[in-house]
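If you want the building blocks of each chain, they are given just below.
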Amino acid sequence: MDSMKSFKGYGKVDELEEQAFRRKTRKRIIIIIVSIVVLLAIVVGAVAGTVIHRRNSSSTKSPNPVPGAELTPAASLNTLCSVTQYPSSCLSSLKSSNTSDPEVLFKLSLGVAMGELIKLSKYPKELISQVNDTRVVTALNICTEVLEDAVDRLNDSVSSMELGKEERVLSSSKIDDIKTWLSATITDQETCLDALDELNSTLAPKFKAQMQSSTEFASNSLAIVAKILSVLAKLHVPIHRRLLSNDEFPDWVSAGDRRLLQDGSNMTVHITVAQDGTGDVKTIGEAVERVPKKSLTKFIIKVKQGTYLENVVMDKHKWNVMMIGDGKDKTIVSGSKNFVDGTPTFATATFAVAGKGFIAKDMGFINTAGPQKHQAVAFRSQSDFSVYYRCSFDAFQDTLYPHSNRQFYRDCDVTGTIDFIFGNAAVVFQKCNIQPRQPLRNQFNTITAQGKKDPNQNTGISIQKCSITSKDSNLTALTYLGRPWKEFSTTVIMQSDIGSFLHQLGWKEWVNNVDPPTTIFYGEYQNSGPGANVAGRVQWAGYKPALTEDEAARFSVGSFIQGPDWLPDADVEFESTL
């Protein structure tokens, strides 16, 4: 991220896959219109009738029940759209629905967003023929990649609405999934704009105007889901949350993956990478090419000791890959792509992963471009349910890019200068070493730059029980815990040890001498060390120097990334609670 701007550089679809996807999408939209008839009907109908009935029943002993009010199509639509950020676009896009079933309306809203995004995803290719600047072409290719990812996320949301035979209402885990994927859909669109903005491209305003409808429609669907969950909780509808454990890894890490992360001695390796020729292949890229598409079982790659000079991209079709090295200082992936030499920030990553269920253990990821080259990412992740255990991420500006979806980092080292942990994932760092280093002259350090764009996104950066110490003994640059990148940026530092190098203000505004929006959420909870004194901290409206236990608990592994639902599969140490 450029230290003077709010822009970040941020990457294709097989034609046969796209045709198959369209057929599947049309079928699913038809199915979901008629499939579920409970969830949102409970939400709106119960608010109008059941809640009144319960209150009256509890205050009187009248044997006569109070009938619920039946909503007209117009009233149902107005109620649903009133919870969104863009009620006008919500109303106009669904006005011809002619149904009073708010559940059907919600599913139709997904269909509307899907249609607009599919159309938008073709737009970058139309513009490429009009552009001569190779940097802008690269940015437009990034737009194509992330917009197609956004379509996939919407498709995942549509699929998740299909209830199983034994399900009456959506489980809390499905609601969390839908919120995560819709959040990622919005992030993907914002990433496209960031890629164009950081180049000061004249296409940026044009693209933003073209994107307005798809952004609003996705936001509308997200708002409805986010509000549904709170209403269900108030109505005490069972949502079947699993009990949290106090294990070392979140519960979505399976028992098998947990054993692999903790020991790994009995694992079945599918491909071994070794530079000396003693393995199956000599480069990580060759190993990635052999990974099957959308594998439902763990595919294990062993990478032997060595420094691998390559840029690796694991696309969205590479599911459930586990990559294990010989140690974070022994197995190293090294690259040097950077913004100054013409690569958008998104594409500078030495290692990038998008397929869900990725696990890395005992690996090091480096971008050697150096501070003079500005944005230079060592690692970028868009992988949902991804785990990083005993890994290191080393660079200067923009080192680690947890872009979107749910991610967990345990016992990792992260080193950098400006905004060296940035993005809009729902991410927890637990028991990691976070190390700012000396930047260029006249630069300051900011550890985090969180990119939450919509108030209903379930995203943010949570740093828990970490050690925040300087990488260099000669660190003299002003150093801060972070700065808010977007309107709803969310970052918390909890139960961590903070060194004396930290500036007493703790946090840095994005624009000098201009307070950030009141809509951000920044906070600290039970930190220790010489840098943990909050007496001299910033006085922002959106900053809380001492979170309550309940506020902090929202950002634990169990609550924030639903760790108990998926981390047990990864065999990684974790603590679900505070």
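Residues numbered from 1 in each chain as written. Predicted model: local features only at pLDDT ≥ 70, side-chain atom pairs only at ≥ 80, totals over all residues. Heavy atoms only, no water.

A. Seen up close, the pairing of strand E23 (residues 490-494). Extensive coverage of E23 is indicated by the burial of 5 of its 5 residues. Burial along E23 is two-sided: Thr 490, Val 492 and Met 494 facing one way and Thr 491 and Ile 493 facing the other are all buried. Bridge analysis of strand E20 (residues 460-464) against E23 gives 4 bridges, and the strand direction is parallel. Bridging from a neighbouring strand, Ile 463 pairs with Ile 493 of E23. Two strands pair when backbone bridges link them, and E23 and strand E25 (residues 521-525) are joined in this way by 5 bridges, in the parallel orientation. The residue bridging Thr 491 from the neighbouring strand is Tyr 522, located in E25. (Buried < 20%, exposed > 50% of the residue type's maximum accessible area, 1.4 Å probe, protein only. Helix = DSSP H or I, 4+ residues; strand = E, 2+ residues; numbered from the N terminus. Pairing = 2+ DSSP bridges.)

B. Focus on the UniProt feature "active site" (unreviewed entry) in the protein. Here the UniProt-annotated "active site" (unreviewed entry) positions come out as Asp 419. With respect to the helices and strands, the residue Asp 419 is situated in strand E16 (residues 418-423). Relative accessible area serves as the criterion here: at 0%, Asp 419 is assigned to the buried category. (UniProt positions renumbered as here; feature names shortened; annotations may be inferred.)

C. Quick look at the side chain of Thr 331. When you line up the elements, Thr 331 lands in strand E6 (residues 331-335). Here Thr 331 falls in the buried class, since its relative accessible area comes to 0%. Of the polar contacts made by the side chain of Thr 331, one reaches the backbone nitrogen of Asp 326; its length is 2.8 Å. (Polar contact = N/O pair within 3.5 Å; in protein donor to acceptor, adjacent residues only side chain to side chain.)

D. Spotlight on the sheet that holds strand E24 (residues 497-498). On the basis of which strands lie adjacent, the open sheet formed by 8 strands has the order E3-E6-E9-E12-E15-E18-E21-E24 and parallel pairing. Strands with a single pairing partner mark the edges of an open sheet, and in this sheet they are strand E3 (306-309) and E24. With 3 bridges joining them, strand E12 (residues 392-394) and strand E15 (residues 413-416) adopt parallel strand pairing. Residue pairing across strands places Asp 394 opposite Thr 415, the latter belonging to E15.

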